[in-house]
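Fold and contact review
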Amino acid sequence: QLQIVESGGGLVQAGGSLRLSCRVSGLAFAEYAIGWFRQAPGKEREGVSCITSSGSTTNYADSVKGRFTISRDNAKNTVYLQMNSLKPEDTANYYCAAYHSPAGYYCSGYYEYEYWGQGTQVTVSS
(Lines give C-alpha, C1' and ligand atoms only; values in the text may rest on other atoms or scores of the structure.)
Protein backbone atom coordinates (compact mmCIF):
# COMPACT_ATOMS: atom_id res chain seq x y z
CA GLN A 1 0.00 0.00 0.00
CA LEU A 2 1.36 3.34 -1.05
CA GLN A 3 0.56 6.65 0.58
CA ILE A 4 0.87 9.71 -1.61
CA VAL A 5 1.05 13.30 -0.42
CA GLU A 6 1.30 16.26 -2.76
CA SER A 7 2.64 19.63 -1.75
CA GLY A 8 3.90 22.84 -3.25
CA GLY A 9 0.71 24.33 -4.60
CA GLY A 10 -0.20 27.93 -4.10
CA LEU A 11 -1.18 31.20 -5.69
CA VAL A 12 1.08 32.68 -8.33
CA GLN A 13 0.79 35.29 -11.02
CA ALA A 14 0.75 34.38 -14.68
CA GLY A 15 4.28 33.77 -15.88
CA GLY A 16 5.42 32.58 -12.49
CA SER A 17 6.65 29.19 -11.37
CA LEU A 18 5.81 26.53 -8.84
CA ARG A 19 7.41 23.24 -7.97
CA LEU A 20 5.07 20.51 -6.85
CA SER A 21 6.28 17.55 -4.85
CA CYS A 22 4.78 14.09 -4.69
CA ARG A 23 6.07 12.19 -1.72
CA VAL A 24 5.32 8.48 -1.71
CA SER A 25 5.49 6.28 1.36
CA GLY A 26 5.56 2.54 1.03
CA LEU A 27 7.52 -0.31 -0.39
CA ALA A 28 9.12 -0.42 -3.81
CA PHE A 29 8.66 3.19 -4.83
CA ALA A 30 11.22 2.62 -7.57
CA GLU A 31 8.91 0.07 -9.18
CA TYR A 32 6.08 2.55 -9.74
CA ALA A 33 5.42 4.94 -12.54
CA ILE A 34 4.12 8.28 -11.32
CA GLY A 35 1.68 10.61 -12.98
CA TRP A 36 0.45 14.12 -12.34
CA PHE A 37 -3.16 14.95 -13.08
CA ARG A 38 -5.22 18.06 -12.64
CA GLN A 39 -8.86 18.91 -12.36
CA ALA A 40 -10.50 22.30 -12.55
CA PRO A 41 -14.06 22.95 -11.42
CA GLY A 42 -16.56 21.69 -13.96
CA LYS A 43 -13.93 19.89 -16.01
CA GLU A 44 -12.80 16.32 -16.29
CA ARG A 45 -9.56 15.27 -14.72
CA GLU A 46 -6.76 15.36 -17.24
CA GLY A 47 -3.31 13.90 -17.35
CA VAL A 48 -0.53 16.45 -17.10
CA SER A 49 2.66 14.43 -17.04
CA CYS A 50 4.07 11.09 -16.07
CA ILE A 51 7.39 9.42 -15.51
CA THR A 52 8.40 5.79 -15.67
CA SER A 53 9.70 3.92 -12.66
CA SER A 54 13.31 4.35 -13.71
CA GLY A 55 12.84 7.96 -14.70
CA SER A 56 14.11 7.22 -18.18
CA THR A 57 10.93 8.21 -19.99
CA THR A 58 8.52 11.07 -19.47
CA ASN A 59 5.32 12.17 -21.12
CA TYR A 60 3.50 15.49 -21.17
CA ALA A 61 0.17 16.85 -22.20
CA ASP A 62 0.44 19.13 -25.21
CA SER A 63 -0.81 22.03 -23.13
CA VAL A 64 2.19 21.91 -20.80
CA LYS A 65 5.01 20.78 -23.08
CA GLY A 66 7.95 23.10 -22.85
CA ARG A 67 6.70 24.62 -19.61
CA PHE A 68 6.47 21.73 -17.15
CA THR A 69 9.17 19.23 -16.24
CA ILE A 70 8.65 16.04 -14.29
CA SER A 71 11.48 14.33 -12.46
CA ARG A 72 11.96 11.80 -9.70
CA ASP A 73 14.39 11.12 -6.93
CA ASN A 74 14.00 7.49 -5.99
CA ALA A 75 16.33 7.89 -3.04
CA LYS A 76 13.84 10.34 -1.54
CA ASN A 77 10.68 8.60 -2.76
CA THR A 78 9.67 11.85 -4.36
CA VAL A 79 8.52 13.02 -7.77
CA TYR A 80 8.58 16.66 -8.73
CA LEU A 81 6.68 18.74 -11.21
CA GLN A 82 8.44 21.96 -12.07
CA MET A 83 5.90 24.33 -13.56
CA ASN A 84 7.18 27.41 -15.35
CA SER A 85 5.47 30.11 -17.37
CA LEU A 86 2.23 29.38 -15.61
CA LYS A 87 -1.02 30.45 -17.22
CA PRO A 88 -4.45 31.03 -15.70
CA GLU A 89 -5.65 27.91 -17.52
CA ASP A 90 -3.25 25.89 -15.37
CA THR A 91 -5.41 26.65 -12.35
CA ALA A 92 -6.60 23.33 -10.93
CA ASN A 93 -6.22 20.86 -8.16
CA TYR A 94 -3.17 18.78 -8.98
CA TYR A 95 -3.07 15.11 -8.08
CA CYS A 96 -0.23 12.67 -7.97
CA ALA A 97 -0.88 9.01 -8.74
CA ALA A 98 1.06 5.78 -9.12
CA TYR A 99 0.83 2.40 -10.78
CA HIS A 100 3.09 -0.60 -10.56
CA SER A 101 5.40 -0.74 -13.54
CA PRO A 102 8.83 -2.05 -12.59
CA ALA A 103 10.06 -2.47 -16.15
CA GLY A 104 7.89 -0.01 -18.00
CA TYR A 105 9.31 1.94 -20.90
CA TYR A 106 6.39 4.31 -21.30
CA CYS A 107 3.67 5.97 -19.27
CA SER A 108 0.46 7.81 -20.01
CA GLY A 109 -2.67 9.12 -18.37
CA TYR A 110 -4.65 6.25 -19.85
CA TYR A 111 -2.99 3.60 -17.70
CA GLU A 112 -4.74 2.33 -14.61
CA TYR A 113 -3.30 4.30 -11.73
CA GLU A 114 -3.73 2.42 -8.49
CA TYR A 115 -2.90 4.99 -5.83
CA TRP A 116 -3.87 8.62 -5.58
CA GLY A 117 -3.03 11.53 -3.37
CA GLN A 118 -5.43 14.13 -2.04
CA GLY A 119 -4.25 16.90 -4.33
CA THR A 120 -2.69 20.32 -4.00
CA GLN A 121 -4.30 23.47 -5.30
CA VAL A 122 -2.58 25.60 -7.91
CA THR A 123 -4.09 28.97 -8.69
CA VAL A 124 -2.65 31.23 -11.37
CA SER A 125 -3.91 34.78 -11.44
CA SER A 126 -3.94 36.97 -14.51
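With that out of the way, let us pick up the packing of aromatic side chains. Throughout the structure, instances matching the rule amount to six aromatic pairs. With centroids separated by 4.8 Å and ring planes inclined at 45°, the aromatic side chains of Phe37 and Trp116 adopt a geometry described as tilted. Of the two residues, Phe37 is situated in strand E4 (residues 32-39) and Trp116 in strand E10 (residues 115-116); the sequence distance between them amounts to 79 residues. Judged by relative accessible area, which is 30%, Trp116 ranks as partly exposed. On the numbers, 4.8 Å between centres and 90° between planes, the contact of Tyr99 with Tyr113 is edge-to-face.

Residues Ile34, Trp36, Leu81, Met83 and Tyr94 are the most contacted members of the largest nonpolar core, which totals 29 residues. Listing elements by their share of this core, those giving two or more residues are strand E3 (18-25), E4, strand E5 (46-51), strand E7 (68-73), strand E8 (78-83), strand E9 (92-100) and strand E11 (120-125). Sequence-distant contacts of Leu81, that is, excluding residues within four places in its chain, are made with Leu18, Arg19, Leu20, Trp36, Val48, Ser49, Phe68, Thr69, Ile70 and Tyr94. Counting seven residues, the second-largest nonpolar core is a separate cluster that includes Ala33, Phe37, Cys50 and Cys107.

Conventions we followed
Residues numbered from 1 in each chain as written. Predicted model: local features only at pLDDT ≥ 70, side-chain atom pairs only at ≥ 80, totals over all residues. Heavy atoms only, no water. Phe/Tyr/Trp six-rings, centres within 6.5 Å; stacked < 30°, edge-to-face > 60°. Helix = DSSP H or I, 4+ residues; strand = E, 2+ residues; numbered from the N terminus. Buried < 20%, exposed > 50% of the residue type's maximum accessible area, 1.4 Å probe, protein only. Core = buried A, V, L, I, M, F, W, Y, C linked by side-chain atoms within 4.5 Å. Contact = heavy atoms within 4.5 Å.

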